[in-house]
Amino acid sequence: DMDLTELSRLVDDDVLPAIERTEGVASASTFGGKENEIRVEVNQESLDGYYLTLAQISQTLAAENISLPGGSVTKGSGEMIVRTVGDFESVEDIKNVSLTLPTKEIIRLGDVAEVVEKEMVQTSVGRVNSTPAIGVSITKQTVANTVQVAKKLETAMEDLKASHPDITFTMSMNQSDFINESILFVAESAILGCILAVLICLLFLRSFAATMVIALSIPTSIIATFILMFATGFTMNMLSLSGLAVGIGMLVDDSIVVMENIFRHRNEGKNARDASIIGTKEVTLPVFTATMTKIAVFLPIVFVEGIAATIFKEFSFTISFALICSLLVALTVIPMLCSKLLKIGDVGESEHPRLPEGNGTARAFGETPAKRDAAGSANPLALFGRFVHWLIRYYTRVVRFALGYRKTIVGLSLALLITSALLITVVGGELLPSGDEGSLEISANVPYGTSIEKTDEIMSQIEDYVEHNVKDAESYSLSIGNTSLLSLGSTGGGGTVSVNLVDKNEREDSVDEIAEKIAADLSYISGAKIDVNVSNQMSMSMGGSPIAISITGDDFAVMEEVSDDFIEIVKGVEGAANVSGSLEEGSPEVQIVPNRRITSAYGISTFQLAQTLNAALTGVRSTGLKTDGQETRVTISLNDEYGESIENMKQISIMSPTGQLVKVGDIADVRPANSPARIERNNQVRTVNITADLSGRDLQSVTTDIEAALSSYAMPAGYTYNIGGEAEEMQESFGDLGYALLLSLLIIYMILASLFESLIQPFIIMLAIPFALTGAFLGLFLTDTPLSLVAFIGIIMLSGIVVNNSILLIDFINQNRSIYATRDEAIINAGRFRFRPILMTTLTTCLGLLPLAIGLGSGGELIMPMGITVIGGLLFSTVITLVLIPVIYSIIDDVREKRRAKREERRAAKRLTAG
């Protein structure tokens, strides 16, 4: 509650220095304040009469207001410094400055000018919740961490509040808030995913002791991952934490497989030590292979270029670290704990069917001591166990049926794959998901030359609307004429109202829906172009608009016509919003064109002419007046009447080097004109840009419709257009990730081929990948989620995850074919033995990702598509491949057997002929 001029001085003297001293702050600037100045307004007639110029007066003022050392003088046995002190102490001192005329006469400055202290013309306005305020825009250093700088600034503000209790400090925008909330959401999702994964283990293992052994692999792997992150210099941010959160469900996969196999051997009668060693050794190859395929998919991402590599580098490294640590834990810690802590009864005997014994017949699956069933008949864990047993028995019958109708199964699978592939054309695309950060900006772009008072009237209407109609607004702040803030939508002069909404969990509408309503409601405001833009830090950090069309050519008039046509076309496309062009209404100006024949005769240069006009109309700072430790600038100019009209301006006098006075109107042509607001070039070619935001539709669909609409437009000869912005970046990034996916598949194949020592079996295993892609697109389609970079990363992850089930099946078949009487029995029993670990690992991965896939917290929209694609792809692929992989294995094995039989026949025929 103080004068704005006084508040401005206090902010400049105390607040700004305290903020700028804060570690990590690069710069800080203010807006909305008022300052006083000493205005020396000279009368042109008096100047002409005394043959003086503004430059002469300015030089005299600067020369008089000075304090300089002048050597030293001896006094007694010592010396004293000599200083000439001529500093102005008051406005009267300025008025009494002597001016020497060409006639050698002396007059005072007050004789030819009015010297008065007054408020400077206000060029910027700031308000918070409709209350006048001074804004401070703070920029961090490039290498500084946003969250750390924000914390230190908050500490600095607390100190300022304590030392200035009469000032109210309001944080109108803090980028670290969203970062902190996003990190907290990811951390909470990781913890919840961990809990869900452990609950799944409890349901399947039906033992708290066994569950705890599995659960130990999660914190052990995470702590080890933190050590690797620290060693490699990675920070704790949303993406690195997302890597951990995404990997939570997968961290127990290897441990589950190892424990399952150990307890199978325990139930077959082996002691704890032998069961742990043999059980771990049997699954080391498939577990190691499965983990390597998961890690392999991230290797190409690290080396691709563009935004994808920049964003997901830490994500890829973090999840790779976590998977490596989980593998080491599964192969070392889990066997040790199983051998020391668990007894054979900790996991029910019925959970693990035995392999065939000496007579070649397998023990009946599901045999359980009667008293165990009776005791646990009402136990929820026992009920779930019986449900799993029923699933395994049902699955066994399905596999047996599928092996009898192999062509039918393959045909149905291909039909399903081809049909579902059409989903790729239905699911839209975008570069990155737009998050609900809970803030938006309402920008009013006014024509150039609009007074700040008129602009303030328009902005006041917007403030009034926000106060009374946006019920979810927590606070709002106004900025007019602030060039230091990066306005999301402002392209010209005007102002911005920044609105902070309550948390998205506390409101019914999303920030996009609120923005659309505001834009519709404020369309009645005349005299300004209203844009409503949702804050999106990720888009701001990448720069550019979702859609940007660049038109190139030579003639601005032609490009302006094409630009106007394009704007109307784009406005007609559903989903395109805030369409604007860079050829804004030009700035009205008065051009002073010197008549060089006349100016050369007087010896007046164009620079002298421009400098004189600037000093006369705008004023130049001549010196300063220091009082009470404060310095007030002294500005000299002609009085205001010469800027009130063009005719008055023509009467401004210029003194030639020969001492002659001439009027501006006598030596120059004065004509009104209109200059472009800005001129843009791309590769040295003039360019006009048209930008548009999105509303209600995805980027790819809107871009496709715009391309179709513009394709029929007849471009003038020599003029071209290109659609860029996020649309262009999306295409490039999708292309890069497409190559990364192909390279990932190649690496996966090489790993499988080397470990299985076969060129055919890796193809069987990798058949799960096409169905995973189908499931991923099905998930995106059902949740109405466009394909984005994040979803694409999820698809690449899937290629390494979904092969795990196939690896477990194929490896078990290969290991135990000699035990069973027929190949089909080996295949069927491989399903029986591996169904539980496959089901467990699938569910732990999916439920571990479920909190991220729901994406209810701040920033959840960014990672949500990844969770959806992985869950959808993994579930769909698991269901299909559990049946299809055994069928394909049997078909390829038959082909191989036929070829072997033909080779044997040829060899036998050769031996017979030779005999």
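Reading the values: the criteria
- Residues numbered from 1 in each chain as written.
- Predicted model: local features only at pLDDT ≥ 70, side-chain atom pairs only at ≥ 80, totals over all residues.
- Heavy atoms only, no water.
- Helix = DSSP H or I, 4+ residues; strand = E, 2+ residues; numbered from the N terminus.
- Buried < 20%, exposed > 50% of the residue type's maximum accessible area, 1.4 Å probe, protein only.
- Contact = heavy atoms within 4.5 Å.
- Patch = residues over 30% accessible without salt bridge, like charges linked within 9 Å, V, L, I, M, F, W, Y side chains within 5 Å.
- Areas by Shrake-Rupley, 256 points an atom, 1.4 Å probe, with all protein chains shown as cover.
- Salt bridge = Lys/Arg side-chain N within 4 Å of Asp/Glu carboxyl O.
- Arc of directions from axis to C-beta.
- Core = buried A, V, L, I, M, F, W, Y, C linked by side-chain atoms within 4.5 Å.
- Lys, Arg positive; Asp, Glu negative; His and termini not counted.
- Charge placed at Lys NZ, Arg CZ, Asp CG, Glu CD.
- Polar contact = N/O pair within 3.5 Å; in protein donor to acceptor, adjacent residues only side chain to side chain.
- Disulfide = S-S within 2.5 Å.

Time to look at the overall build of the protein. The secondary structure content of the protein amounts to 33 helices and 25 strands. Its C-alpha atoms give the protein principal-axis dimensions of roughly 135 × 80 × 60 Å. Expressed as a percentage of its 915 residues, the buried residues of the protein come to 49%. Of all intrachain contacts in the protein linking residues separated by at least 6 positions in sequence, the fraction that spans at least 24 positions is 79%.

All right, on to a nonpolar patch on the surface then. Nonpolar side chains collect at one region of the surface, where I191, L192, I195 and L199 lie side by side and expose about 360 Å² of accessible area between them. Position of I195 relative to the elements: it lies in helix α6 (residues 175-205).

Another point: the pattern of salt bridges. Counted by the stated rule, this structure contains 28 salt bridges. With a shortest N-O distance of 2.9 Å, D48 and K663 are connected by a salt bridge. Of this pair, D48 sits in helix α2 (residues 44-50) while K663 sits in strand β21 (residues 661-663); the two residues are 615 residues apart in sequence, bridging distant segments of the chain. Owing to a relative accessible area of 17%, D48 belongs among the buried residues under this scheme. Between D824 and R823 there is a salt bridge, with its nearest N and O atoms 3.1 Å apart. What makes D824 partly exposed here is its relative accessible area of 28%. Residue classification places R823 among the buried residues on the basis of a relative accessible area of 16%. Salt bridges sharing partners connect three or more residues here, namely R406, R817, R823, D824, D893, D894 and R896.

Considered for burial, the residues of helix α19 (residues 511-521) that qualify are V511, I514, A515 and I518. Seen from one end, α19 has its buried residues packed into an arc of 100°, which puts them on one side.

Counting residues in hydrophobic clusters, the biggest one holds 158 residues, and the most contacted among them are F312 and M797. With residues up to four places along the chain from it excluded, the contact list for M797 reads V246, M250, V297, F298, F315, I319, M866 and V870.

Taken together, the side chains of K407, K898, R899, K902, R903, R906 and K910 make up a positively charged region of the molecular surface. Of the residues forming the positive patch, the biggest block, six residues, is contributed by helix α33 (residues 860-914).

Tracing the chain through its elements places E430 in the loop between α17 (423-426) and β11 (439-446). Of the buried charged residues, E430 lacks a salt bridge, with R697 as the closest side chain of opposite charge at 11 Å.

Attention shifts here to the side chain of T612. Tracing the backbone through its elements, the reader meets T612 in helix α23 (residues 606-617). A polar contact is formed between the side chain of T612 and the backbone oxygen of Q608, at a distance of 2.8 Å. Once residues within four sequence positions are removed from consideration, T612 is found in contact with I652, S653 and I654.

On to unusual backbone geometry, then. Of note, the phi angle at S130 is positive, near 70°, even though the residue is not glycine. Position of S130 among the secondary structure elements: in the loop between β8 (125-128) and β9 (131-132). Take S130: its relative accessible area is 33%, and that puts it in the partly exposed class. Backbone geometry places D784, a non-glycine residue, at a positive phi of 55°. Within the secondary structure, D784 sits in the loop between α29 (768-782) and α30 (789-801).

Here we take up the state of the cysteines. As used in these notes, a disulfide is a covalent bond between sulfur atoms, one from each of two cysteines. Inspection of the entire model under this criterion finds zero disulfides. Note on C194: no disulfide assigned, nearest cysteine sulfur contributed by C201 at a separation of 9.4 Å. What makes C194 buried here is its relative accessible area of 18%. C201 sits in the buried class, given a relative accessible area of 1%.

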